[in-house]
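Below are the chains, spelled out letter by letter.
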Amino acid sequence: MAIAAIERTAKHMVLTVQDYSLFAHRAVMNLFRPPRYWTDFLIQSNIIGVGSTSIVLLSGFFTGGVLALQSAATLSEFGATAVTGRFVSITMIRELGPVLTGIMVAGRNASSMASELGSMVVTEQIDAMRALGVDPMRKLVTPRLFACISMLLFLTILADACGILGGGFVTVFMNHQNGTQYISQAWEHLRYPDIIQGLAKPLFSGFIIASIGCFYGMRTSGGTEGVGRSTIQAVVTSSVLIIFVDFLVTQVLLTLFPAP
Amino acid sequence: MIEPPASAHPAQAEPAPGGSAPSLAPSADAAPPVVAFRNVSIAFDGPPVLQDISFSVAPGETRILLGPAGVGKSVMLKLVNGLLRPDRGGILLFGQEITTMPEQQLFPLRTRTGMVFQEGALFDSLTVRDNVAYQLIQEGVPDDEIDRRVRDALRFVELEETFDFYPASLSGGMRRRVAIARALIHQPELILYDSPTGGLDPVTSTTIIELIVKERDVYRTPSLLVTHRLQDAFTLCTHRFDAEEGKMVPLPQGETDPDTTFLMLEEGRLIFDGSLRDLLHTPNKFVREFLE
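Residues numbered from 1 in each chain as written. Chains lettered and ligands numbered in written order. Predicted model: local features only at pLDDT ≥ 70, side-chain atom pairs only at ≥ 80, totals over all residues.

1. Description of the overall build of chain B
A count of helices and strands for chain B gives ten helices and twelve strands. Summarising the internal contacts of chain B: among those between residues at least 6 apart in sequence, 67% fall at separations of at least 24. (Helix = DSSP H or I, 4+ residues; strand = E, 2+ residues; numbered from the N terminus. Contact = placed C-beta atoms within 7 Å.)

In structure tokens form, the structure reads like this:
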């Protein structure tokens, strides 16, 4: 009995991974075949990019501030508070900026994609779209996917900048240290591999957020309760995957660009 | 405006009282069917929903699919335009086998059909104008022409004043009428109605049925209509649209529309295929109980 349940769960998981792989493949390949819905891409870019700006700016600013507070306390034990700027900028750009932005955007947009598409499924709007001769994958999924990837890149840059700004604010006004020293430390010790690492991660996170959000939305069943279930699954799965893929990408990039 | 297809002409399917399926091979003098099911079966993680279904829809014919709730009527409708795929059997739509046809090839075929969904299935985020014009917008038709054709379609369903409204501000009956306008605007060669009067009050239901009769008698578009309401089905069969009076009028006593025929499902099987007269005189126990 227990083995049968495990077997059933395992088969279900494998089937879900297979369905997701095919779904993601179709969503990506649609970009290379007409028709392409550029208007929908711009609309989604506005919803994802402009709509998420405030939460990303605020979370970036306060994360940078917390980093400065915490690091200054520890660094002061070694008489090294002067390197707070370096610590904050490298941590924000390489790790916290991309990951926190990804998770914030996942919370806002993976849930909105899953609930919007899920509602369309249960009210037969997706079937209506297919019956009208329009491919929902091309019209709904592909624009969201590429809008999310491109917007997350810019949102991460904003979050990095705000994080460094937040760290600077805490360093100058709360820790009463030299602002010029903070900025020069933050700037001078940055290397290109740090930037590459920070800008590669949002590409993966953006793909995960949109593809997982749309995937769970499009396979919604069970009415309004099913929409709620899809929304939860989309947020949880995309958040966990963002952190997991971040780990893998970090490992690969550290191998490619080892620390000096 | 929505012009009647020039080639459409009525051709009644041969009645087969008692449940025997009609032959799918067209005779020499008959036009090929618009839709033909050949021993179609489908199941969803359980017992079969539809088993061994065979029937056809001829040009100009209106087929009414009767049956109690949950018997597989909507599933059958979705099989017609490939929204669902059967497990077994074959389906011909406009003479093309769609059972194994890739989704991308199905899209152009679906644009030749119109479908009215159970609850209308209007796009919440779009105005009535954009809902009705959805197909035209995707095809890049100029805005002026879109506006003109949408107003014509809305005039047909007597809802011209809702042009700029959002679906949320429409009543259930108005949503169905907008859905009918959306299905008609592209001059389809086949219309599929999925319980168009389900959940509506009797007066609104009659308004919807009048529109369907109007569409049938003015444009002669073949259609497949799913319903579990006998009253609607009988109204369709015993009324015609009077173009001069601009309203639905009853046919003379004892007469029925020769191009409107019935199908009936019981537990996933087609148990009746024939005219209203055959339906009323069938010895099938389930049909008799359903009629009573």
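Having seen it, we continue.
2. Concerning the overall build of chain A
In terms of regular secondary structure, chain A is built from eight helices and zero strands. Helices (α) and strands (β) of chain A occur, in sequence order from the N terminus, as α-α-α-α-α-α-α-α. Seen along its three principal axes, the alpha-carbon backbone of chain A occupies a region of about 65 × 50 × 35 Å. Put simply, chain A has 260 residues, and 45% of those count as buried. A separation threshold of at least 6 residues defines the contact pool for chain A, and within that pool the share at least 24 residues apart is 87%. (Buried ≥ 20, exposed ≤ 12 C-beta atoms within 10 Å, placed from the backbone.)

3. Concerning the packing of helix α3 (residues 84-122) of chain A against helix α5 (residues 136-173) of chain A
Residue and element names in this part refer to chain A. Their axes nearest at 7 Å, the elements α3 and α5 cross at an angle of 145°. Of the two possible hands of crossing, α3 and α5 adopt the one that is right-handed. Along the lines of polarity and charge, the residues of the contact of α3 with α5 split into 15 nonpolar, eleven polar and two charged. (Axes fitted to C-alpha atoms, helices over the stretch in contact; angles between N-to-C directions. Left-handed = near helix turned anticlockwise from the far one by under 90°. Nonpolar A, V, L, I, M, F, W, Y, C, P; charged D, E, K, R; others polar.)

4. A short note on the sheet that holds strand β1 (residues 35-43) of chain B
Residues and elements named next belong to chain B. Taken in spatial order, the four strands of this open sheet run β2-β1-β4-β5, and their pairing is antiparallel. If you trace the sheet from one side to the other, it starts and ends with β2 (48-57) and β5 (96-97), each paired once. Bridge count between β1 and β2: six bridges; the pairing is antiparallel. Looking across to β2, one finds that V35 is bridged to V57. (Pairing = 2+ DSSP bridges.)

5. What to know about the pairing of strand β4 (residues 88-93) of chain B
In regular strands, side chains alternate between the two faces of the sheet. All names here are of chain B. Relative to β4, β1 is paired through five bridges, and the arrangement is antiparallel. Residue V35 lies in a different strand from β4, and its bridge partner there is L93. Here β4 pairs with β5 via two bridges, running antiparallel. Across the sheet, the residue bridging to L93 is Q96, located in β5. Counted between consecutive antiparallel strands, the loop separating β4 from β5 contains two residues, among which F94 sits at a positive phi close to 50°.

6. Details of the pairing of strand β11 (residues 260-266) of chain B
All names here are of chain B. Of all seven residues making up β11, seven are buried, and the element is well covered by its neighbours. Covered by surrounding structure in β11 are T260, F262, M264 and E266 together with T261, L263 and L265, the residues of both alternating faces. As paired strands, strand β3 (residues 62-66) and β11 are joined by five bridges and run parallel to one another. Each bridged residue has a counterpart across the sheet, and for T62 the counterpart in β11 is T260.

7. Focus on the interface of chain B and chain A
Contact with chain B, which involves 15 residues of that partner, is made by eleven residues of chain A. Mapped onto the side of chain B that touches chain A, the elements with two or more residues apiece are α2 (103-110) and α4 (134-138) of chain B. Residues belonging to the side of chain B that touches chain A are distributed by class as follows: eight nonpolar, five polar and two charged.

8. Regarding unusual backbone geometry
With an omega dihedral of 0°, the bond running from P34 of chain A to P35 of chain A counts as a cis peptide bond. Mapped onto the elements of the fold, P35 of chain A is located in the loop between α1 (2-29) and α2 (38-75). Not every positive phi belongs to a glycine, and D45 of chain B is a case in point at roughly 45°. Looking at where D45 of chain B falls in the secondary structure, it is placed in the loop between β1 and β2. What makes D45 of chain B exposed here is the crowd of 4 C-beta atoms within 10 Å. Its identity as a non-glycine residue notwithstanding, Q187 of chain B has a phi of 50°, on the positive side.

9. A short note on the nonpolar core
Membership of the largest hydrophobic core comes to 78 residues, with the highest contact counts inside it found for L65, V132 and A181 of chain B. Look past the residues within four positions of A181 of chain B in its chain and what remains in contact with it is V132, A153, L154, F156 and V157 of chain B. Counting residues in each nonpolar core, the second largest holds 55 residues, with I48, V121, L140 and A234 of chain A among its members. (Core = buried A, V, L, I, M, F, W, Y, C linked by C-beta atoms within 7 Å.)

10. Overview of the packing of α3 of chain A against helix α8 (residues 223-256) of chain A
Residues and elements named next belong to chain A. Two elements in contact, α3 and α8, have axes whose closest approach is 8 Å; the angle formed by their N-to-C orientations is 155°. Taken as axis vectors, α3 and α8 run roughly antiparallel relative to one another. Seen from above, α3 lies across α8 with right-handed handedness. By residue class, the composition of the contact of α3 with α8 is twelve nonpolar, 13 polar and one charged. (Parallel < 35°, antiparallel > 145°, perpendicular 65-115°, else oblique.)

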